[in-house]
Amino acid sequence: GLVLTNWIKFIFYVGIPTLTFVGLLFSGSQDFHSITLVTTFWSASCLFACFSVSVIFLQVSSCLYLVEELYEREGMTTMERLKLTILNAEESCLSGKVHRNYIYDSNIYDLKRLDSTSMTARSTRRLQEGGNDKAMYLYSTHGQWYIKFTQFLPRGLFTTLELPMRCWTQAEIDFNIPFYTKTSWSLESVFCRIKNESHIALVSGPSALTTQQSFSSMVCYFFGVVFYILLVTGLMVFAQVSATVIAAVVCLFVAYWLWQGRKEYRMIKHANTILRRLQSDGNDNADGSDDNEDDYDSALFQKWETFMVTKPTPAFAWFSFIVKNIIIAMIPLSYFCYSRNLVGAMTYLVLFLLCFEKHYFDIGPIVEALGSFGTLGMEPGTSLAHSGLLGASTRREFQKKSRLYHITRMNNNASRRIWSKLLNFFAVLFGVVAMAAISSGPGQEEGVAPYVTFPSNSTFFYDVPQEEVSPMCNVNFGNNNGSNATSSLTSPVKYLADYNFLTIISYFKIDSIQPLLDTWFGEGEAFLDEDVIPTFREAHPDLPSAASFQLVHFSDNSAVVCIRGSKSYFDFLVDARLWYAASLFQLVQSAVPFGFAFDALIDFCVNRLSELEASSVKKVSYYVETTAFVNYLRKSGKYTTVSITGHSLGGGLALITGAQTQTLAIAISAPSAVMGRSAVTPEISLEDIKQRSYSVIPQRDII
């Protein structure tokens, strides 16, 4: 019961972490903080897993029970129920549905069952012809294009229903529709309301909205439009997008919102028409009767109704089911098995089964067809004389329907839809980048023409007294041999600006690099070694050769490896593979108050995610080649000192390679190598990163 449930939550959320913390204090452990965090994580995860299993069981069992009632078949086997449940979910997903938005008066229509199908045949015909009833207006529809597309397809794929089938929503079944009254109205609720859900506004009576509130709601809508446009424009300006692209995007947004504003204007116009009629009827009643109608509230309904117009044939629905599962399940699992990543294969299989259950055993398609929770929880032989939850006749019926109601609320809430759209957007974006990377391949790309220009004279250097120069501008980190400088006193590389320049030249064409080196360092000071890298790759044919880097040696016999940053689609895939886990948890850490206190837990999560990667995938990482190249240079003994530098992806690779080879690395605008250090092979320690690397983070840098 309730007491047992609360005890279980208390034990897992409070009891186990507290006992772990106290036990570590008594044992004198110095790592009590991180161990307690990890224990809390596992304890909460176990409780959540048990809760998820119970929810899945309740949802699947409810689907198998109600599908028999939906198809009006008795004595169905479990296999038949499974097939019909999957078939119904696939048909609901593929069917052509039209969404109609109405404005009408509550004095004419039933408050409990808000349905335009209760109108007279004459009113229905007028609405279908584009007209309006006395108290009802159809002002927008959605979904017509997809319906026409399904009707255009060859026969045998879709069928057009003789009468459109009404699809009920959760809000309609339980009458959970937000009211706007004089006391409940707020600009926040108007601005954040879900545009495609029903709403009720009281327009007459003691609780009616005032004129100022109605006008403020309209102004708030247009303010929101301006806010969205300015937000998108500001983000593009911050990202330094070209003015032409910004202008084009703004024009598209303005055109879209003008189209939306036209529909809002029509809604306000129709609402004012109904409101004037209500006021006219109220004046007539006041003159002709003794009843005071002002004591009663009248409401305007913004009502969304969904109708299924076209439906896929069972054969096409099963064909779609098989194709989707081959693409989503079989192909990725085959890849994991082929790469011998059994941990990744098992993890993906579990995630796929959870998504399969969520999609095909969703109670929503069954409930939207039934219009209620059916006879769930009722005694055998009794008939359904009510709908929703309020009419439950027994405690058992209320419990079962209440649990199912809360599950559907979790599945269909607004925040889940927003996050789903956001995740789908990034999934599509990643898919596009992945396809482009696969089509282009990891081959070496030719550099671009140099875009660096220098003054015609040599007096452009920042010449100030040495005592006024910031110590961070001088390169004095200690070299590979433990001395106090990275190179000799006569080395041309003395400042961070020199390393910044070296990161830039790695993007340029090879034949244009040497003139730039002569201009920056002076003739005879810096040289581009074009033969060392090909010789290295010939000596190590088993290593991947996707990384792009250059080698520059100087007059003091020192050398700098310059690693190029992200330039191709394949580079962006490498970025995502190396730093996706660290970036995700770093974003969460920055958003959570006192996020620094969860460093141990974040490291633990990143380590577990890195274990999902197959060894064959790790071998194609860029840092494998750069690390081998730096070791090759140091073993050759040709150079007195070797250092590494890079920008963006190149900077991250420089940090990893420097830590793995115990070599100085200077990175410009690089992703963090601290959180993702366990995802590389061999693993690098925090001390290696601190002692051998220096990362320059420009202001407003999101990397």
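Residues numbered from 1 in each chain as written. Predicted model: local features only at pLDDT ≥ 70, side-chain atom pairs only at ≥ 80, totals over all residues. Heavy atoms only, no water.

Caption draft 1: Local environment of the overall build of the protein chain. A tally of helices and strands in the protein chain yields 23 helices and twelve strands. Out of the 703 residues belonging to the protein chain, those deemed buried represent 41%. Of the contacts formed within the protein chain by residues at least 6 apart in sequence, a portion of 72% connects residues at least 24 apart. For the protein chain, the exposed surface amounts to about 39900 Å²; the carbon and sulfur share of it is 63%. (Helix = DSSP H or I, 4+ residues; strand = E, 2+ residues; numbered from the N terminus. Buried < 20%, exposed > 50% of the residue type's maximum accessible area, 1.4 Å probe, protein only. Contact = heavy atoms within 4.5 Å. Areas by Shrake-Rupley, 256 points an atom, 1.4 Å probe, with all protein chains shown as cover.)

Caption draft 2: The packing of aromatic side chains, seen in detail. Across all of its chains, the model carries 20 aromatic pairs by this definition. Between the aromatic rings of Phe356 and Phe361, the centroid separation amounts to 6.4 Å while the plane-to-plane angle is 55°, which identifies the pairing as tilted. As far as the burial class goes, Phe356 and Phe361 line up, both buried. Look at Phe536 and Phe629: their rings are 5.1 Å apart centre to centre, the planes differ by 70°, and that puts the pair in the edge-to-face class. With Phe536 in helix α17 (residues 532–539) and Phe629 in helix α21 (residues 622–636), this residue pair connects regions lying 93 residues apart in the sequence. When its relative accessible area of 1% is taken as the criterion, Phe536 is described as buried. (Phe/Tyr/Trp six-rings, centres within 6.5 Å; stacked < 30°, edge-to-face > 60°.)

Caption draft 3: Region of the structure containing helix α1 (residues 2–27). End to end, α1 covers 36 Å across 26 residues, agreeing with the expected 38 Å (1.5 Å per residue, within 8%). Most pronounced at Ile11, the bend in α1 amounts to some 40°. Along α1, the residues classified as buried are Gly15, Pro17 and Leu24. Its buried side turned inward, α1 meets α2 (32–71). In the segment just after α1, Gly28 is the residue with positive phi, at about 80°. (Expected span 1.5 Å × (residues − 1). Bend = angle between axes of the 7 residues up to and from the residue.)

Caption draft 4: The arrangement of the sheet that holds strand β7 (residues 526–528) in detail. The strand order β7-β8-β9-β10-β11-β12 describes an open sheet built from six strands, whose pairing is mixed. The two strands at the open ends of the sheet, each matched to only one other strand, are β7 and β12 (693–696). In this sheet, neighbouring strand axes are inclined to one another by 20° on average, regardless of whether the strands run parallel or antiparallel. Pairing between strand β11 (residues 664–668) and β12: four bridges, direction parallel. Residue pairing in the sheet places Ala667 in a bridge with Ser695 of β12. (Pairing = 2+ DSSP bridges. Axes fitted to C-alpha atoms, helices over the stretch in contact; angles between N-to-C directions.)

Caption draft 5: A look at the pattern of salt bridges. Under the counting rule described, the total for this entry stands at five salt bridges. In this structure, the salt-bridge partner of Arg81 is Glu68, at a minimum N-O distance of 2.5 Å. Of the two residues, Arg81 sits in helix α3 (residues 78–94) while Glu68 sits in helix α2, which places them 13 residues apart along the sequence. Where Lys97 meets Glu368, a salt bridge forms, and the shortest distance between an N and an O atom there is 3.0 Å. Within this pair, whereas Lys97 is found in strand β1 (residues 96–105), its partner Glu368 is found in helix α12 (residues 363–370), the two being separated by 271 residues in sequence. Both residues of the pair, Lys97 and Glu368, count as buried. (Salt bridge = Lys/Arg side-chain N within 4 Å of Asp/Glu carboxyl O.)

Caption draft 6: Geometry of the packing of α3 against α12. For the pair α3 and α12, interaxial distance at closest approach is 9 Å and the crossing angle is 75°. Overall, the two elements α3 and α12 adopt an arrangement that is roughly perpendicular. Contacts between α3 and α12 involve Asn88, Ala89 and Ser92 from the former and Pro365, Ile366 and Glu368 from the latter. Of the residues that constitute the contact of α3 with α12, the class distribution is three nonpolar, two polar and one charged. (Parallel < 35°, antiparallel > 145°, perpendicular 65-115°, else oblique. Nonpolar A, V, L, I, M, F, W, Y, C, P; charged D, E, K, R; others polar.)

Caption draft 7: Local environment of the environment of Tyr71. Tracing the backbone shows Tyr71 in helix α2. A sequence separation of 13 residues divides Tyr71 from Leu84, and the C-alpha atoms of the two residues are 8.5 Å apart. Not counting residues within four places of it along the chain, the set of residues in contact with Tyr71 comprises Leu84, Asn88 and Glu91.

Caption draft 8: Main features of the side chain of Gln660. Turning to its location among the elements, Gln660 is positioned in helix α22 (residues 649–661). For Gln660, a relative accessible area of 18% corresponds to the buried category.

Caption draft 9: Fine view of the pairing of strand β10 (residues 642–647). The buried fraction of β10 is high, at five of six residues. Here strand β9 (residues 559–563) runs beside β10; their pairing, made up of five bridges, is parallel. Its bridge partner lying in β10, Ile563 is registered against Gly646. As paired elements, β10 and β11 share five bridges and run parallel to each other. Its bridge partner being in β11, Ser643 is matched across the sheet by Leu664. The parallel pair β10 and β11, bridged by α22, forms a crossover whose chirality is right-handed. (Right-handed = clockwise from strand over helix to strand, strands pointing away.)

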